[in-house]
Amino acid sequence: MRINRFSPAVPALLFSILLPMLLSACAGAPQAAGTPEPPPSAASRRCNAAPAQFAMGRTADAALAEEARIRSGARTVRVLRPNEVVTMEFNAERLNLAVDQAGRVIRVNCG
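Cut-off values and rules
Residues numbered from 1 in each chain as written. Predicted model: local features only at pLDDT ≥ 70, side-chain atom pairs only at ≥ 80, totals over all residues. Heavy atoms only, no water. Helix = DSSP H or I, 4+ residues; strand = E, 2+ residues; numbered from the N terminus. Buried < 20%, exposed > 50% of the residue type's maximum accessible area, 1.4 Å probe, protein only. Contact = heavy atoms within 4.5 Å. Areas by Shrake-Rupley, 256 points an atom, 1.4 Å probe, with all protein chains shown as cover. Pairing = 2+ DSSP bridges. Axes fitted to C-alpha atoms, helices over the stretch in contact; angles between N-to-C directions. Disulfide = S-S within 2.5 Å. Core = buried A, V, L, I, M, F, W, Y, C linked by side-chain atoms within 4.5 Å. Salt bridge = Lys/Arg side-chain N within 4 Å of Asp/Glu carboxyl O. pLDDT = per-residue confidence, 0-100.

Helix and strand counts for the protein stand at 2 helices and 3 strands. For the protein, the proportion of its 111 residues judged to be buried stands at 24%. Once local pairs closer than 6 in sequence are excluded, the contacts in the protein between residues at least 24 apart make up 43%. Total accessible area on the protein stands at roughly 8400 Å², and carbon and sulfur atoms take up 62% of it.

In structure tokens form, the structure reads like this:
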């Protein structure tokens, strides 16, 4: 019984042909010089707390939280109540509204 074997040059040849094809599939379309970049998508919006400072001293409810989120450009909003356990990871797309015992906003920040 005879076993056919490829010469060592065949796999190297296949590799040298297929590698550039695979790498070119991963590359994006080139952008023409002077072409403006597209606006950031909604998924990559960053929070800016300054426009949401209007909420300071107001009672936090769903409508206020949503208005503050929209004005800040944040993707999400959360209301932080006193002694509430919260995650500490920073999220540049999240607006935080910290409230006191009465439910009034005492701090507006991103993260």
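Attention shifts here to the sheet that holds strand 3 (residues 105–110). The strand order across the open sheet formed by 3 strands is 1-2-3, and the pairing between neighbours is mixed. Two strands bound the open sheet, and with one partner strand each, they are strand 1 (76–80) and strand 3. Ignoring strand direction, the axes of neighbouring strands in this sheet form an average angle of 20°. Taken together, the 5 bridges between strand 2 (residues 94–99) and strand 3 define a ladder with antiparallel strand orientation. When the sheet's bridge partners are listed, Asn96 is paired in strand 3 with Asn109. In this fold helix 2 (residues 62–72) packs onto strand 1, strand 2 and strand 3, with an angle of close to 140° to the strand it touches most, strand 2.

Under the counting rule described, the total for this entry stands at 1 disulfide. Across the disulfide from Cys47 sits Cys110; the S-S distance is 1.9 Å. Between Cys47 and Cys110 the disulfide shows an S-S torsion of about -65°. By sign, it is left-handed. Taken together, the positions of Cys47 in the loop between helix 1 (9–26) and helix 2 and Cys110 in strand 3 put the pair 63 residues apart, joining distant regions of the chain. Taken as a pair, Cys47 and Cys110 share a single burial class, namely buried.

Time to look at the nonpolar core. Core analysis: the biggest nonpolar cluster contains 15 residues, and Leu95, Leu97, Val105 and Val108 have the highest contact counts within it. Contributing elements (two or more residues each) for this core: helix 2, strand 2 and strand 3.

It is possible for side chains bearing opposite charge to pair when their charged atoms get close. Per the counting criterion, the structure on display carries 4 salt bridges. Between Glu66 and Arg69 there is a salt bridge, and its shortest N-O distance comes to 2.6 Å. Placement of the pair is Glu66 and Arg69 together in helix 2, with a separation of 3 residues, close to one helical turn. Given the relative accessible area of 35%, Glu66 is considered partly exposed.

Attention now goes to the confidence of the model for the protein. The predicted coordinates of low-pLDDT regions are not to be read in fine detail. On average, residues of the protein score 80 in pLDDT, and 61% of them are at 70 or above. Confidence over residues 35–40 falls short of pLDDT 50; this stretch has 2 contacts with residues more than four positions distant or in other chains.

Our focus in this paragraph is the pairing of strand 2. Of all 6 residues making up strand 2, 6 are buried, and the element is well covered by its neighbours. Burial along strand 2 is two-sided: Arg94, Asn96 and Ala98 facing one way and Leu95, Leu97 and Val99 facing the other are all buried. Relative to strand 2, strand 1 runs parallel, the two sharing 5 bridges. The residue of strand 2 that forms the bridge with Leu80 is Ala98. Joining the antiparallel neighbours strand 2 and strand 3 is a turn of 5 residues, in which Gly103 adopts a positive phi near 90°.

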